[in-house]
Amino acid sequence: MENEIVKCKKYWNPYVGGIVMGTLLFLTFAIASQGYGASGTFARATAQFLVNQDASWLENAYIANYFKHSDNALNNWTVIETIGILIGGFLSAVLAGRFIFRPDKAASYSLTGRYFWAFTGGMVVAVASRLARGCTSGQGLDGMATFSVGAWIFMFATFAGALLLSPLFKKQWVDDEQAAPKKVSLKEGLNNG
Amino acid sequence: MDNLILPLYRNGFLSSEANFFFALIMGITFGFVLERTGFTRSKLISGTFYFKSLAVPKIMGTTVVTAATWFIIFSWLGWLDISQLYTPATYVWPYVVGGLMFGAGMVMAGYCPGTAVAGLGTGKTDALVFLLGVLAGMFVYFIIYPYVSDFANSSNLGVLKLHDLFGGNEYTSFIITVILETSIILFMMLLRKIANTGKTV
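Residues numbered from 1 in each chain as written. Chains lettered and ligands numbered in written order. Predicted model: local features only at pLDDT ≥ 70, side-chain atom pairs only at ≥ 80, totals over all residues. Heavy atoms only, no water.

Asker: Even after reading the chapter, I still don't get the overall build of chain A, so can you show me in this structure?
Answerer: When helices and strands are counted, chain A shows 10 helices and 0 strands. When the 193 residues of chain A are sorted by exposure, 52% land in the buried category. Considering only contacts in chain A between residues 6 or more positions apart, those separated by 24 or more positions represent 57%. Working note: accessible area of chain A is about 9300 Å², and carbon and sulfur atoms make up 64% of it. (Helix = DSSP H or I, 4+ residues; strand = E, 2+ residues; numbered from the N terminus. Buried < 20%, exposed > 50% of the residue type's maximum accessible area, 1.4 Å probe, protein only. Contact = heavy atoms within 4.5 Å. Areas by Shrake-Rupley, 256 points an atom, 1.4 Å probe, with all protein chains shown as cover.)

Asker: Would you explain helix α2 (residues 14-32) of chain A in this entry?
Answerer: Owing to its 3.6 residues per turn, the α-helix aligns residues three or four sequence positions apart on the same side. Residue and element names in this part refer to chain A. If you check α2, its first and last C-alpha atoms are 26 Å apart, about what 19 residues at 1.5 Å a residue would give, namely 27 Å. The N-terminus of α2 is capped by Asn13, whose side-chain oxygen sits 2.7 Å from the backbone nitrogen of Tyr15. Of the residues flanking the end of α2, it is Ser33, one or two places downstream, whose phi is positive at about 70°. (Expected span 1.5 Å × (residues − 1). Polar contact = N/O pair within 3.5 Å; in protein donor to acceptor, adjacent residues only side chain to side chain.)

Asker: So what exactly am I meant to see when it comes to the nonpolar core here?
Answerer: One broad rule of soluble globular proteins: the nonpolar side chains tend to lie buried together. Membership of the largest hydrophobic core comes to 90 residues, with the highest contact counts inside it found for Tyr66 of chain A together with Phe71, Leu80, Phe102, Phe130 and Phe142 of chain B. Both domains that furnish three or more residues to this core are identified here as domain 1 (1-102) and domain 2 (109-193) of chain A. The residues touching Phe142 of chain B, leaving out its near neighbours within four places in the chain, are Ala43, Thr46, Ala47, Leu50, Asn60, Tyr62, Ile63 and Tyr66 of chain A. (Core = buried A, V, L, I, M, F, W, Y, C linked by side-chain atoms within 4.5 Å. Domains from an automatic or database assignment.)

Asker: Would you take a moment to explain the layout of surface pockets for this structure?
Answerer: A probe matching the size of a water molecule, rolled over the atoms, marks out where space remains unfilled. Each pocket or cavity is described by its volume, and for the largest pocket that value is around 1400 Å³. Around the largest pocket, the lining is made up of 43 residues, and of these Arg44, Tyr66, Asn76 and Thr78 of chain A together with Tyr86 of chain B lie nearest the centre. Elements represented by at least two residues in the lining of the largest pocket include exactly α3 (39-53), α4 (61-65), α5 (77-95) and α7 (136-145) of chain A together with α1 (16-36) and α6 (125-152) of chain B. Top element by residues in the lining of the largest pocket is α3 of chain A. It accounts for 4 residues. Here the residues of the lining of the largest pocket sort into 18 nonpolar, 19 polar and 6 charged. Of the residues that make up the lining of the largest pocket, three or more belong to each of domain 1 (1-102) and domain 2 (109-193) of chain A. (1 Å grid on protein atoms, 1.4 Å probe; cavity = no way out; pocket = protein on both sides within 12 Å on 5 of 7 lines; lining within 4 Å. Points joined across faces, edges and corners; volume = space filled by probe spheres on them. Nonpolar A, V, L, I, M, F, W, Y, C, P; charged D, E, K, R; others polar.)

Asker: Can you help me understand the packing of α3 of chain A against α5 of chain A in this one?
Answerer: Two packed helices can be described by the angle between their axes and the distance between those axes. Residues and elements named next belong to chain A. Contact pair α3 / α5: the axes reach a minimum separation of 8 Å and the direction vectors enclose 110°. Between α3 and α5, the angle falls in the class roughly perpendicular. In the crossing of α3 with α5, the sense of the turn from one axis to the other is left-handed. Contacts from Thr41, Phe42 and Arg44 of α3 reach α5 at Thr78, Val79 and Thr82. When its residues are assigned to classes, the contact of α3 with α5 shows 2 nonpolar, 3 polar and 1 charged. (Axes fitted to C-alpha atoms, helices over the stretch in contact; angles between N-to-C directions. Parallel < 35°, antiparallel > 145°, perpendicular 65-115°, else oblique. Left-handed = near helix turned anticlockwise from the far one by under 90°.)

Asker: What should I look at first to understand the domain arrangement of chain A in this one?
Answerer: Residue and element names in this part refer to chain A. According to the domain assignment, chain A contains domain 1 (1-102) and domain 2 (109-193). Listed as interface residues are 11 residues of domain 1 and, on the opposing side, 10 residues of domain 2. A per-residue breakdown of the area domain 1 buries against domain 2 is headed by Phe29, Tyr36 and Ser39, which together make up 49% of the total. Counting across the interface, domain 1 meets domain 2 through 4 residue pairs in polar contact (both at pLDDT 80 or more). (Buried area = accessible area lost by both parts, 1.4 Å probe.)

Asker: Where do I start with the pattern of salt bridges in this structure?
Answerer: When their charged atoms lie close together, side chains carrying opposite charge are able to pair. Summed over the entire model, instances satisfying the criterion amount to 5 salt bridges over all chains. For Arg98 of chain A, the salt bridge identified is with Glu35 of chain B, shortest N-O distance 2.7 Å. Here the residue Arg98 of chain A occupies a position in the loop between α5 and α6 (111-131), and Glu35 of chain B occupies one in helix α1, the pair thus bridging two chains. Glu35 of chain B shares its class with Arg98 of chain A; the two are buried. Arg102 of chain A is the partner of Asp104 of chain A in a salt bridge, and the nearest nitrogen-oxygen pair spans 3.6 Å. As far as the burial class goes, Asp104 of chain A and Arg102 of chain A line up, both buried. Taken together, the shared-partner salt bridges connect Arg98 of chain A together with Glu35 and Arg36 of chain B into one network. (Salt bridge = Lys/Arg side-chain N within 4 Å of Asp/Glu carboxyl O.)

Asker: Would you explain unusual backbone geometry in this entry?
Answerer: Most peptide bonds adopt trans geometry, and most residues besides glycine take a negative phi value. Note that the residue after Leu6 of chain B, namely Pro7 of chain B, is joined by a cis bond; omega there is -5°. Relative to the helices and strands, Pro7 of chain B is located in the segment before α1. We note that Arg133 of chain A has phi near 55°; this positive angle belongs to a residue other than glycine. Its place among the elements puts Arg133 of chain A in the loop between α6 and α7. For Arg133 of chain A, a relative accessible area of 25% translates into the label partly exposed.

Asker: Honestly, the side chain of Thr90 of chain B in this entry has me stumped. Any pointers?
Answerer: Mapped onto the elements of the fold, Thr90 of chain B is located in the loop between α3 (55-76) and α4 (92-109). With sequence-adjacent residues up to four places away left out, Thr90 of chain B is seen in contact with Ser148, Val149, Gly150 and Ile153 of chain A together with Tyr95, Ser155, Asn156, Leu157, Gly158 and Leu160 of chain B.

Spelled out as structure tokens, the structure:
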């Protein structure tokens, strides 16, 4: 099924995609004086939710920071931009005939396991993004494009962290390769026979 | 100096409302390109760590080099003040630990926050679960913040650019960036070749 989807609409060449994305990133900086972001939106949403429940959350030093310039933590450039990302992803998927409710994983991996690791990974990524003051957008792309040393430290560490744990999650991402060679050997067997 | 009009917002050429309007437009275009390049698929993103697909480093590298090239051209023309572009300060150890954790979370989840938002737009259910996890993780961080704030704010070197480290000016930084990104892509191509030797793909 996935093959059918990939066949019916091709994804952009990565270098072409990068040139378009880089030009858009430049325009974003040239207009707004800042680049892409995403993780901050979720920190702000959580902070706003907690303060709505109980104003004493404002005593938390980290949360208080989001209410320095406005009564509403969501009154922020990156929050609006993140809503745009959602709309943009939706528009592109619909126009490409790729909008479909489904998870992404290796075919044989269990759905429960996939959702468990998506949630757990999300929690880890959130805490990490607060320590790193951004994610792969706000710290990685923006920082590297503006020549920041910190962005390079973050990206190298991110890649190292992912590579170190990658053997533990191979089954979730990589389709069982024994399926393919078996077919080949069967074919060979027939040819030989 | 009269020509120095970019960035528009910081130099007072744009109202706050107009800036928010452009935030939505730039977000939509970003999300659109993320979907068109396949960045809304956790399997493609995580495939990077198994050298199955190099789309992620190729796109990220090209994006950074393209944006930096525009910065340098517009700065050279005298139209852009690079120092006015928002750049996060460098906190060495928080970034090392934060990065290692971020990578661990990414190989578990297959998404980072931006790609998951675009992925949710395309109907990916695992992206939705991931983002719920992100919200929960933010809550955890607020709770533990009093205990980790000393570490989180340690080793702050301020805004530190590549040329502050290696000498020279923004042009030096640009050249280093191009060399780094190019070598990373080439190095990963080599690793993929080694990793997939003897496999029928």
